[in-house]
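Chain by chain, the residues run as shown.
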Amino acid sequence: MRFVSLIFALLFSVISYSQTTQEIFESFKLQERRDVHYYFPENMDEDKKYPLIIVLDGEYLFEQVVASSKFYSRFHGMPQSIVVGIDQSKNDLRFEDCAFDAESGLPSEKGKSFYEFIGMELIPYLDLNYSTAPFKMIVGYDITANFMNYWLFKDNSIFDAYISISPTLAPEMETRVPMRLNTFENQIFYQVIVEGEQNKVTQRIAAMDQGIKALEKESLHYYYDEYKNADHISVATYGIGKAFDNIFGMFKPISPKEYKTQILTSEEPVFNYLESKYQGIVDIFGFSKPVELNDIMAIYAASRKKEDFESLKPLSDLCKKEYPETMLGFYFEAEYYEQLGEPKKALKTFEKAFQMEEIDFLTKEMALEKMDALKADFGF
């Protein structure tokens, strides 16, 4: 019990009562206090789970990561996330935290302590006190980008996603990273962001890139983005949003391109696509996402275009669950019965839809027109 209390001991002073706060975390692993910044989404819901993003070089990268996270979660499908930045610039702490042996490439003694501080103190504290999701990400820049690779060498990596910005690679890391990524069976995301300006590690990063690209792992989601006009300083601002776009792409609403190239061309029932998309979110990220109206309408349109009317029934069941006060569920079910050749069931179900709230393009007038047409055709 005493050990647990030591692990989670925290001396903090709240700098702001807004969404972003700064605390002084007293680390027993490091035997020193560290400045840590926290961003919590507005109106956090205890029933929801939030991905955790750990940001090294917090003074430089924390605000950029927070800004991108807020923007993408509001407009582009990324889930709201908890962002934690660790300050490392004071007294050149980043070089002590992330130092490695020049021959072996392994972390220094201080590096081992910093590694344990994050994995055994900071993250357990956050998991204990906040509604964190299983999915965790780490972001680093040059020497801190190299340091985060050491978590790859654990049997079970703490992190599911890595954003490596212009990494300063330790010895042999260009071969070790691909070899290690090849051993993972669980889903893992690895994003490299580099500048166009050449430097002393450019060739080694290119070798690492080729090594990772040569892997044939369905569980590995690898992205390499080079920004030709960026230098070693500006590259940190270029690719964070794109990285989020890559890693959380599954959260984005179904796009017109996706609709045309994947849904309409598939031989599977169109509802299977929607089911697979949202189950994939649960499998990879560890929490579910409410089904977006955009995605429901895309599947509805595809079922009509492909005359896959069997998909209307599971789609109607889903709508009754996700949008219970609206016409969606009963209207789609009524169309299903209509296509099945059961006009009496269709009429009764359109009548139920008529009593519900209008949504999107579905109006009471449309339900009424359907009812009148059925009565005229079948003499009800």
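Look above for the structure.
Note that the structure is predicted; figures quoted are calculated from it, not measured. (Residues numbered from 1 in each chain as written. Predicted model: local features only at pLDDT ≥ 70, side-chain atom pairs only at ≥ 80, totals over all residues. Heavy atoms only, no water.)

Trainee: How would you explain unusual backbone geometry if you had to name every residue and give the values?
Mentor: In this structure, Gln31 takes a positive phi of about 60° despite not being glycine. Secondary-structure assignment places Gln31 in the loop between strand S1 (20-27) and strand S2 (32-39). Note on Gln31: relative accessible area 63%, which makes it exposed. The phi torsion at Asp360 lies on the positive side, around 50°, for a residue other than glycine. Here Asp360 shows up in the loop between helix H15 (343-354) and helix H16 (364-378). (Helix = DSSP H or I, 4+ residues; strand = E, 2+ residues; numbered from the N terminus. Buried < 20%, exposed > 50% of the residue type's maximum accessible area, 1.4 Å probe, protein only.)

Trainee: For the pairing of strand S5 (residues 132-141), give the residues involved together with the corresponding values.
Mentor: Among the 10 residues in S5, nine count as buried, and that is most of the element. As defined by bridge partners, strand S3 (residues 50-55) adjoins S5 across five bridges and the pair is classed as parallel. Bridge assignment links Ile54 to a residue of S5, and that residue is Ile138. Here five bridges tie S5 to strand S6 (residues 161-165), and the two strands are oriented parallel to one another. Paired with Ile138 across the strands is Tyr162, a residue of S6. (Pairing = 2+ DSSP bridges.)

Trainee: Give a description of the pairing of S2 that names residues and reports values.
Mentor: Where S1 meets S2, eight bridges bridge the pair, whose relative direction is antiparallel. Pairing of Glu26 across the sheet is with Arg33, part of S2. Adjacent in sequence and paired antiparallel, S1 and S2 are bridged by four residues, among which Gln31 carries a positive phi angle near 60°. With four bridges connecting them, S2 and strand S4 (residues 82-86) associate as antiparallel partners. Residue pairing across strands places Tyr38 opposite Val84, the latter belonging to S4.

Trainee: Requested: an account of H15, with residues and values cited.
Mentor: Residues three or four positions apart in an α-helix share a direction because the helix packs 3.6 residues into each turn. Between its first and last C-alpha atoms H15 spans 16 Å; for 12 residues at 1.5 Å apiece the expected length is 16 Å, and the two agree. Turning to H15, its buried residues are Pro343, Ala346, Leu347, Thr349, Phe350 and Ala353. Buried-residue contacts for H15 involve helix H14 (328-340) and H16. (Expected span 1.5 Å × (residues − 1). Contact = heavy atoms within 4.5 Å.)

Trainee: Describe the packing of H14 against H15, with residues and values.
Mentor: Contact pair H14 / H15: the axes reach a minimum separation of 8 Å and the direction vectors enclose 165°. Classified by the interaxial angle, the pair formed by H14 and H15 is roughly antiparallel. Classified by chirality, the crossing of H15 by H14 is left-handed. On H15, the residues touching Phe330, Tyr331, Glu333, Ala334, Glu335, Tyr337 and Glu338 of H14 are Lys345, Ala346, Thr349, Phe350, Lys352 and Ala353. Split by residue class, the contact of H14 with H15 holds seven nonpolar, one polar and five charged. (Axes fitted to C-alpha atoms, helices over the stretch in contact; angles between N-to-C directions. Parallel < 35°, antiparallel > 145°, perpendicular 65-115°, else oblique. Left-handed = near helix turned anticlockwise from the far one by under 90°. Nonpolar A, V, L, I, M, F, W, Y, C, P; charged D, E, K, R; others polar.)

Trainee: Tell me about the nonpolar core, and please be specific about residues and values.
Mentor: Counting residues in each nonpolar core, the largest one holds 70 residues, and the members touching the most others are Met137, Ile165 and Phe332. Sorting elements by how many residues they give to this core places helix H11 (residues 270-285) first, with seven residues. Every residue in contact with Met137, bar those within four places of it in the chain, is listed here: Leu52, Ile53, Ile54, Phe159, Ala161, Ile163, Phe244, Ile247 and Phe248. The next biggest cluster of nonpolar side chains, apart from the first, holds 47 residues, and it includes Phe25, Tyr125, Leu152 and Val201. (Core = buried A, V, L, I, M, F, W, Y, C linked by side-chain atoms within 4.5 Å.)

Trainee: So what's going on with the environment of Thr363? Which residues, and what values?
Mentor: Following the sequence through the fold, Thr363 ends up in the loop between H15 and H16. Under the relative-accessibility criterion, Thr363 is labelled partly exposed at 24%. Through-space distance from the C-alpha of Thr363 to that of Phe25 is 56 Å; in sequence the pair is 338 residues apart. What Thr363 contacts, discounting residues up to four positions off in sequence, is Met327 and Glu358.

Trainee: Lay out the packing of helix H12 (residues 293-305) against helix H13 (residues 312-322) in plain terms, naming residues and giving numbers.
Mentor: Put simply, H12 and H13 touch, their axes get as near as 10 Å, and they point 160° apart. One element, H12, and the other, H13, form an angle in the roughly antiparallel class. At the point where H12 passes H13, the crossing takes the left-handed sense. Packed against H12, whose contacting residues are Ile296, Ile299, Tyr300 and Ser303, the element H13 presents Leu312, Leu315 and Cys319 at the interface.

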